[in-house]
Amino acid sequence: MSNGSAADTPRPDFAPSASLEALRFRAVMLRRVRQFFDERGFLEVETPLLSADVVIDLHLDPLPVVLSSARCQAGKVRTMWLQTSPEFAMKRLLAAGFPSIYQITHAFRGGERGRLHNPEFTLVEWYAVGQGRDGGIRLLSQLAETLLKKGPAERLAYRHAFQLGVGVDPFQASCEELAAAARQHGVVIPAGQDLQDRDGWLDLLLVDCIEPHLGRGQPTILCDYPPSQAALARIRPDSPPVAERFELYVEGIELANGYHELLEAEELRRRNEAVNRQRALAGKMTLPSESRLLAAMESGLPPCTGVALGFDRLVMLAFGASELAEVLPFPLEIA
Amino acid sequence: MATYKTSDFRKGLKVQIDGEPYLMIEMNFVKPGKGNALYKCKLRNLLRGTVLDRTYKGGDSLESADVEEIDVQYLYRHADTFVFMDNKTFEQYELSSEQVDDNWKYLKEGMVCSMTLFNNNPIILSPPNHVELKVEYCEPGVKGDTATNVTKPVKVETGAEILCPSFINIGNIVKVDTRTGAYVERVSS
């Protein structure tokens, strides 16, 4: 039975989970990403992984780092945050007058581990100054086409995807109608699912009934989200209003998340406070709601789009792998 | 009783749902866009073998199940009760014939089996995969016939009937697979 091939020998504990071939391919993809942005005149930047500020999101759990130094008063410590994305720092650069910028960096998200998640992962994040929603979607489509060679992305409105996939209008349907659609489509509903948690129902339907069909054959960019899921995107005052957020899907896997960026500091303050209230209700630690980003926005953030793309997932898909561990040298368990 | 948070969820975890023990046989972490993490689990009921599909949200938790596996020796049968003894603690455990199920066919006094305890009560008995049983009665074998595809019922020392090839005779010892109940080979004649 044994033919002495490498697959028969267990991997020693120190060795990487990814093959040399996979990591060579990863290096090629890194160069291609840099080339894509360099050719378009984006400036590559690096910003801190450890910051006093952090993105405030109900479902992102940043990892705190406790610093004690001679400059702190005796017995006092200072908490800083490993960044869940370089968004705040990159927007501070834009507010300071920088042109379009990109960055390839590590990011950290607590508690996320699975076939498509590792708490430490690599993001490609870029900001295109002067660009609107359409330009943002076009650039993301071009990047996907260049790196994955599966053609340009089709656009699909969030609303249309739900109407096609589960026959409900995600903007108009009541929570009861969303719950009924979930049951009708055989979604396994968590015991603790609150009937009035509208975004919870939308997410359950999205994960089970919509996402698996996105990006088959050619990439899909899902766009124009419900305002309750705007995060840091601006809201377009249509009827009903939509958040100018867009996400890239390939083979049913979410690869990138982009915004036509919110510019108003006051609006961000309101959203931060609302999210912190939700975090407190969910028993999570609240996060610092004042930040240097707010100061930057008050001084003036230029109109722009910003996108974050999961580089590990991109490599995984382009390499034909089925889990991140095949393209990461040392995932969490052996990090 | 310990609880497992969703961040502790993994394959192989033993948990309690509605008072019954389950083994987590599959766990998939999914997270929609900016949404709440979902933990999609398949759980096997250790009492009944049925499989449950459950989805948990980040922040949910499950009670751990006090499940352990021990080696026990089969002592004797008293009416509908089978009595076993933990070889280490000498503690005795009783299983009903319903819990023992078809496994009574393979139980010989002194045989070491594996037993699963839930809250210190026996729930599953697993005899060794193969047991050797002496033939007590059968129709006489056909001389010269060594074919294994012609079978006949054979009564073994435990009182069970096993289908064996026609060349098996009284006094032979046969090896039986306890997972399928099938004859494997003749050990001695």
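Residues numbered from 1 in each chain as written. Chains lettered and ligands numbered in written order. Predicted model: local features only at pLDDT ≥ 70, side-chain atom pairs only at ≥ 80, totals over all residues. Heavy atoms only, no water.

## A short note on the overall build of chain B
Condition: Secondary structure elements are taken from DSSP: a helix is a run of H or I of four residues or more, a strand is a run of E of two residues or more, and numbering for both begins at the N terminus. A radius of gyration in this sense is built from C-alpha atoms; the matching globule rule multiplies 2.2 Å by the number of residues raised to 0.38. Buried residues are those whose accessible area, probed at 1.4 Å on protein chains only, stays under 20% of the maximum for their type, while exposed residues exceed 50% and partly exposed ones sit between those limits. Whether two residues touch is decided by their heavy atoms; if any such pair falls within 4.5 Å, the residues are in contact. To be clear on the numbers: accessible area is Shrake-Rupley with a 1.4 Å probe, and residue cover counts the displayed protein chains and nothing else. The convention is simple: Lys and Arg are positive, Asp and Glu are negative, and His and the chain ends are not counted. Here the site of a charge means atom NZ of a Lys, CZ of an Arg, CG of an Asp or CD of a Glu.
A tally of regular secondary structure across chain B gives one helix and 16 strands. Expected size for 189 residues packed as a compact globule is a radius of gyration near 16 Å; at 22 Å, chain B overshoots this value by more than 25%. Each principal axis of the C-alpha distribution contributes one length, and for chain B these read about 75 × 40 × 25 Å. Classification of the 189 residues of chain B by burial places 40% in the buried group. A separation of at least 24 residues holds for 43% of the contacts in chain B among residues at least 6 apart in sequence. Looking at chain B as shown, the accessible area adds up to about 10,200 Å², and 44% of this sits on carbon and sulfur atoms. Where the 23 positive side-chain charges of chain B centre and where its 27 negative ones centre are 8 Å apart.

## A short note on the sheet that holds strand S5 (residues 51-57) of chain B
Residue and element names in this part refer to chain B. Test applied: By definition, two strands form a pair when at least two bridges between them are found by DSSP. Lines fitted to C-alpha atoms define the axes, with helix axes restricted to the stretch in contact, and inter-axis angles between N-to-C directions lie between 0 and 180 degrees.
With antiparallel pairing, the six strands of this open sheet are ordered in space as S1-S6-S2-S3-S4-S5. Since the sheet does not close on itself, it has two edges, and those belong to strand S1 (3-5) and S5, each with one partner. The average undirected angle you get between the axes of adjacent strands in this sheet is 45 degrees. Pairing between strand S4 (residues 38-45) and S5: seven bridges, direction antiparallel. Looking at S5, one finds that Tyr 39 is bridged to Tyr 56.

## Overview of the interface of chain A and chain B
Counted only if it meets this: Once two parts are brought into contact, the accessible area they lose, counted with a 1.4 Å probe and summed over both, makes up the buried area. When a carboxyl oxygen of Asp or Glu is within 4 Å of a side-chain nitrogen of Lys or Arg, the pair counts as a salt bridge.
With 27 residues of chain A at the contact, the number on the chain B side is 15 residues. Carbon and sulfur atoms supply 56% of the area buried between chain A and chain B, which totals about 1,700 Å² over both sides. When the buried surface of chain A facing chain B is broken down by residue, His 59, Val 188 and Val 207 of chain A rank first, second and third, together holding 28% of it. Run the count over chain A and chain B and you get three salt bridges. The salt bridge involving Lys 57 of chain B is made with Asp 197 of chain A; its shortest N-O contact spans 3.9 Å.

## A short note on the nonpolar core
Residues and elements named next belong to chain A. Counted only if it meets this: As used in this record, nonpolar core signifies buried Ala, Val, Leu, Ile, Met, Phe, Trp, Tyr and Cys residues forming a set joined through side-chain atoms within 4.5 Å.
Within the largest apolar cluster, 39 residues are counted, with the highest numbers of intra-cluster contacts made by Phe 37, Trp 126, Leu 140, Leu 248 and Leu 309. The element best represented in this core is helix H3 (residues 133-148), accounting for seven residues. Ignoring any residue separated from it by four or fewer positions in sequence, one finds Leu 309 in contact with Thr 122, Leu 123, Val 124, Trp 126, Leu 140, Leu 143, Leu 248, Leu 255, Ala 256 and Leu 314. By size, the runner-up hydrophobic cluster in this structure holds 30 residues, among which are Ala 179, Ile 210, Val 242 and Tyr 249.

## Comments concerning the sheet that holds strand S2 (residues 50-51) of chain A
Residues and elements named next belong to chain A. With antiparallel pairing, the three strands of this open sheet are ordered in space as S2-S4-S3. Each end of this open sheet is capped by a strand with a single partner; those strands are S2 and strand S3 (63-67). Bridging between S2 and strand S4 (residues 78-82) involves two bridges; their strand directions are antiparallel. Within S4, the position partnered with Ser 51 by the bridge is Trp 81.

## Description of helix H7 (residues 265-281) of chain A
Residues and elements named next belong to chain A. Condition: Here a helix's expected span is defined as the number of its residues, less one, multiplied by 1.5 Å. The arc under discussion is defined with respect to the helix axis, by the directions toward the C-beta atoms.
Between the first and last C-alpha of H7 there are 24 Å, a value that for 17 residues agrees with the 24 Å anticipated at 1.5 Å per step. Along H7, the positions that sit buried rather than exposed are Ala 265, Leu 268, Arg 269, Arg 271, Asn 272, Val 275, Asn 276 and Arg 279. The buried residues of H7 occupy one face: seen down the axis, they fall within an arc of 165 degrees. Facing away from the buried side of H7, by more than 90 degrees, are the exposed residues Arg 270, Arg 277 and Leu 281. In this structure, the buried side of H7 is in contact with strand S9 (235-236) and helix H8 (292-300).

## Points about the pattern of salt bridges
Applying the stated criterion across every chain, the model contains 33 salt bridges over all chains. In this structure, the salt-bridge partner of Arg 279 of chain A is Asp 61 of chain A, at a minimum N-O distance of 3.2 Å. One end of the pair, Arg 279 of chain A, is in helix H7; the other, Asp 61 of chain A, is in the loop between S2 and S3, and 218 residues separate them in sequence. Lys 108 of chain B is the partner of Glu 157 of chain B in a salt bridge, and the nearest nitrogen-oxygen pair spans 3.6 Å. One end of the pair, Glu 157 of chain B, is in the loop between strand S13 (151-156) and strand S14 (161-165); the other, Lys 108 of chain B, is in the loop between helix H1 (97-100) and strand S10 (112-118), and 49 residues separate them in sequence. By relative accessible area, which is 36% here, Glu 157 of chain B ends up partly exposed. Its relative accessible area of 28% is what places Lys 108 of chain B among the partly exposed residues. Salt bridges sharing common partners tie together Arg 133, Asp 134, Arg 155, Asp 224, Arg 234, Arg 236, Asp 238 and Glu 244 of chain A.

## Some points on helix H5 (residues 175-184) of chain A
Owing to its 3.6 residues per turn, the α-helix aligns residues three or four sequence positions apart on the same side. All names here are of chain A. Buried residues of H5: Cys 175, Leu 178, Ala 179, Ala 181 and Ala 182, and no others. Across the axial projection of H5, the buried residues extend over an arc of 160 degrees, all falling on one side. Among the exposed residues of H5, those pointing more than 90 degrees away from its buried face are Arg 183 and Gln 184. Residues of H5 that are buried make contact with helix H4 (158-166) and helix H6 (198-210).

## Here's the deal with the state of the cysteines
Covalent bonding between the sulfur atoms of two cysteines is what defines a disulfide. For the record, the criterion: Here, a disulfide means two cysteine sulfur atoms that sit within 2.5 Å of each other.
As enumerated under the stated definition, the model contains zero disulfides over all chains in all. The thiol of Cys 175 of chain A is unpaired, and the distance to the nearest cysteine sulfur, on Cys 209 of chain A, comes to 16 Å. There is no disulfide at Cys 41 of chain B, and the cysteine sulfur nearest it, in Cys 209 of chain A, is 18 Å away.

## A look at the side chain of Thr 84 of chain A
Position of Thr 84 of chain A relative to the elements: it lies in the loop between S4 and helix H2 (87-95). Setting aside residues up to four positions removed in sequence, Thr 84 of chain A forms contacts with Val 54, Val 55, Leu 60, Pro 62, Ala 107, Phe 108, Arg 109, Phe 121 and Leu 123 of chain A.

## Some remarks on the confidence of the model for chain A
Worth spelling out the cut-off: Each residue carries a pLDDT score, the predictor's own confidence in it, on a scale running from 0 to 100.
Here chain A shows a mean pLDDT of 94. Residues at 70 or above account for 96%. Within the model, pLDDT remains below 50 along residues 1-6 of chain A, and this stretch shows two contacts once partners closer than five positions in the same chain are excluded.

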